[in-house]
Amino acid sequence: MGLTNGRDRRWMLLFLMAALALGASRWRVSGQSAGLIPAAHREPTPDLTLAQLGGGEWKLADHRGHVVVMNFWATWCEPCRDEMPAFVQVLRQTGPQGVAMVGVSMDTGPNTQAVVQQFEERYRLPWPIAFPDTMLRQRSESIGLPTTVLLDKQGRRAKTYVGEVDRATLAKDVAALLAEG
């Protein structure tokens, strides 16, 4: 499954490539402390549909009205593993207030589903895990991991974190988005 049309797919690929290309460094960067993109300057994110671990689909459209945290990660990525407890803590505190999260696994290989399933079980991840479609995967092979995209309640990109997310910064940013009208 994929985006609704070719133009939206190209836009999303360009958006993700630009956001994730900044992730050449796999370490936490000082740019995370920068604030959110002002609401007047946020651009809508095209509807996105991703294959979900265990079957089914994760659809961005199903989460309109929620703050959405999209984390691009891989099981082999040490900083990705290191940031998982921060995501769990922030999601437990804010999920009931209207926060949704999806982990987008960038793992590849013949046993990807099994490897990711084992990782999910080991770390007891309380959010859905999804996989990029073939076109997105081919276009994003050089991204830095982890990279996290924070979307506001209208599905607009409010911030991109490159490298390991700082829990306090993520919690502050999520709270600010939840407070928006």
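Reading the values: rules and limits
Residues numbered from 1 in each chain as written. Predicted model: local features only at pLDDT ≥ 70, side-chain atom pairs only at ≥ 80, totals over all residues. Heavy atoms only, no water. Disulfide = S-S within 2.5 Å. Buried < 20%, exposed > 50% of the residue type's maximum accessible area, 1.4 Å probe, protein only. Helix = DSSP H or I, 4+ residues; strand = E, 2+ residues; numbered from the N terminus. Pairing = 2+ DSSP bridges. Right-handed = clockwise from strand over helix to strand, strands pointing away.

Caption draft 1: Region of the structure containing the state of the cysteines. For the coordinates displayed, the defined rule picks out one disulfide. At a sulfur-sulfur separation of 2.3 Å, the disulfide partner of Cys77 is Cys80. Negative torsions about the S-S bond denote left-handed disulfides, and the value of about 80° found for Cys77 with Cys80 makes this one right-handed. Comparing Cys77 with Cys80 shows no difference in burial state: the two are buried.

Caption draft 2: Highlighting the pairing of strand 3 (residues 67-73). The buried count for strand 3 comes to seven of seven residues, which makes it a mostly enclosed element. Here strand 3 shows a buried face lined by Val67, Val69, Asn71 and Trp73 and a second buried face lined by Val68, Met70 and Phe72. Strand direction decides the pairing type here: strand 3 and strand 4 (residues 99-105), joined by seven bridges, are parallel. Across the sheet, the residue bridging to Asn71 is Gly103, located in strand 4. Tracing the backbone out of strand 3, into helix 2 (residues 78-98) and back to the parallel element strand 4 gives a crossover that is right-handed.

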